[in-house]
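Coordinate inspection notes
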Amino acid sequence: MRKFSALALAGLLAAGTTVMGVSASSAAVKANTACTKAGAKSGTGKNQLTCMQSPLTTTPKLIWASANCVAANKTYLDAAKKRDDLTASFNNAVSKINNAITINQTDAANWTAKVTKYTNDLNAFLAKNPNGDPKSVASIRSSIQALQIQADRANKRVATLQSQLTDTQSSQGSLVKSAADNVAQLKTQLTVICKSGL
């Protein structure tokens, strides 16, 4: 009786160990639970989970993510990169135009200052010397006129550049806004998909 009981108990323990072993090894991995190796896979087909950086947290955290979550995250990251590229291109274009505007405004101001100075000098000279040499006076006036032309050209370039700036802000700015809105929508979709675990 003792021998039978001992054998029976040993058999039950062995069977229990086997059952427990099967249960432990086949335990299903759940979406959004922690994992340790990025890129690791669990399951097959539509039920396959991938160990990846959680798109739902701002701090680094590896989780098991569904195939839909992985796909949604890729779409989101691609869109975010496109938005960033567009934003960088837009900011660079605006910066270049603004720099050109500043340069031409400075040039215009300098030319105008010279026109004012030489005009005042000429008027002061003529006030004291009403019968000054006509050729010299004409030469000075011609130089003043040339300086004024330079100032006018610089001001014209400023107007053209300001128009370009407005067009750039309107066209490229709308693209940047559209890209940003798209990223925001994809982020919302990503959050819903990944949280659901489906």
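Above: the structure in question.
Scoring rules and cut-offs
- Residues numbered from 1 in each chain as written.
- Predicted model: local features only at pLDDT ≥ 70, side-chain atom pairs only at ≥ 80, totals over all residues.
- Heavy atoms only, no water.
- Buried < 20%, exposed > 50% of the residue type's maximum accessible area, 1.4 Å probe, protein only.
- Helix = DSSP H or I, 4+ residues; strand = E, 2+ residues; numbered from the N terminus.
- Pairing = 2+ DSSP bridges.
- Disulfide = S-S within 2.5 Å.
- Salt bridge = Lys/Arg side-chain N within 4 Å of Asp/Glu carboxyl O.
- Contact = heavy atoms within 4.5 Å.
- Axes fitted to C-alpha atoms, helices over the stretch in contact; angles between N-to-C directions.
- Parallel < 35°, antiparallel > 145°, perpendicular 65-115°, else oblique.
- Left-handed = near helix turned anticlockwise from the far one by under 90°.
- Nonpolar A, V, L, I, M, F, W, Y, C, P; charged D, E, K, R; others polar.
- Expected span 1.5 Å × (residues − 1).
- Bend = angle between axes of the 7 residues up to and from the residue.
- Phe/Tyr/Trp six-rings, centres within 6.5 Å; stacked < 30°, edge-to-face > 60°.
- Lys NZ or Arg CZ within 6 Å of the ring centre and 35° of its normal.
- Core = buried A, V, L, I, M, F, W, Y, C linked by side-chain atoms within 4.5 Å.

Topic: the pairing of strand β2 (residues 49-53)
Taken across its 5 residues, β2 has 4 buried, putting it largely inside the fold. Note that strand β1 (residues 41-42) and β2 share 2 bridges and pair antiparallel. Residue pairing in the sheet places Lys-41 in a bridge with Thr-50 of β2. Here β1 folds back onto β2, and the loop between the two strands holds 6 residues, one of which, Gly-43, carries a positive phi near 85°. Of the pairings in the sheet, the one linking β2 to strand β3 (residues 62-66) comprises 5 bridges and is antiparallel in character. Bridge assignment links Gln-53 to a residue of β3, and that residue is Leu-62.

Looking at the state of the cysteines
Tallied over the full model, the rule gives 2 disulfides. Counting its disulfide-bonded cysteines in sequence order, the protein chain shows a connectivity of 1-2, 3-4.

Here's the deal with the pattern of salt bridges
Here the structure, examined in full by the defined rule, presents 5 salt bridges. Salt-bridge contacts for Lys-117 lead to Asp-121; the nearest nitrogen and oxygen are separated by 2.9 Å. Here Lys-117 and its partner Asp-121 are both found in helix α2 (residues 67-128), 4 residues apart, which amounts to about one turn of the helix. Using a relative accessible area of 47% as the deciding quantity, one classes Lys-117 as partly exposed.

Digging into the sheet that holds β3
Read across the sheet, 3 strands follow the order β1-β2-β3 without closing on themselves; strand pairing throughout is antiparallel. The two strands at the open ends of the sheet, each matched to only one other strand, are β1 and β3. Relative to the sheet, α2 contacts β2 and β3, its axis offset from that of β3 by approximately 100°.

Topic: the packing of α2 against helix α3 (residues 134-196)
Across the interface, α2 lies against α3 with an axial gap of 7 Å and an inter-helix angle of 165°. If you check the angle between α2 and α3, you find them roughly antiparallel. For the pair α2 and α3, the crossing hand works out as left-handed. Of the residues assigned to the contact of α2 with α3, the class counts are 36 nonpolar, 20 polar and 6 charged.

So, α3
For α3, spanning 63 residues, the distance from its first C-alpha to its last is 91 Å, which sits close to the expected 93 Å at 1.5 Å a residue. Residue Gly-173 marks the point of greatest curvature in α3, where the axis turns by about 30°. Phi turns positive, to about 75°, at Gly-197, one or two residues after α3.

Details of the packing of aromatic side chains
For the structure shown, the criterion picks out 0 aromatic pairs. Across the ring face of Tyr-76, the terminal group of Lys-187 is positioned such that the distance to the ring centre comes to 5.1 Å.

Here we look at the environment of Ala-180
Structurally, the position occupied by Ala-180 is in helix α3. Using a relative accessible area of 32% as the deciding quantity, one classes Ala-180 as partly exposed.

So, the nonpolar core
The biggest cluster of nonpolar side chains holds 11 residues, and these are Met-52, Ala-65, Cys-69, Ala-72, Tyr-76, Ala-79, Ala-80, Val-183, Leu-186, Leu-190 and Cys-194. Elements with a minimum of two residues in this core: α2 and α3. For this core, the element with the most residues is α2, which contributes 5 residues. Core analysis: the next-biggest nonpolar cluster, separate from the first, contains 8 residues, Val-94, Ile-97, Val-158 and Leu-165 among them.

Note that every value here comes from positions in space, so none of it alone points to a role or purpose.
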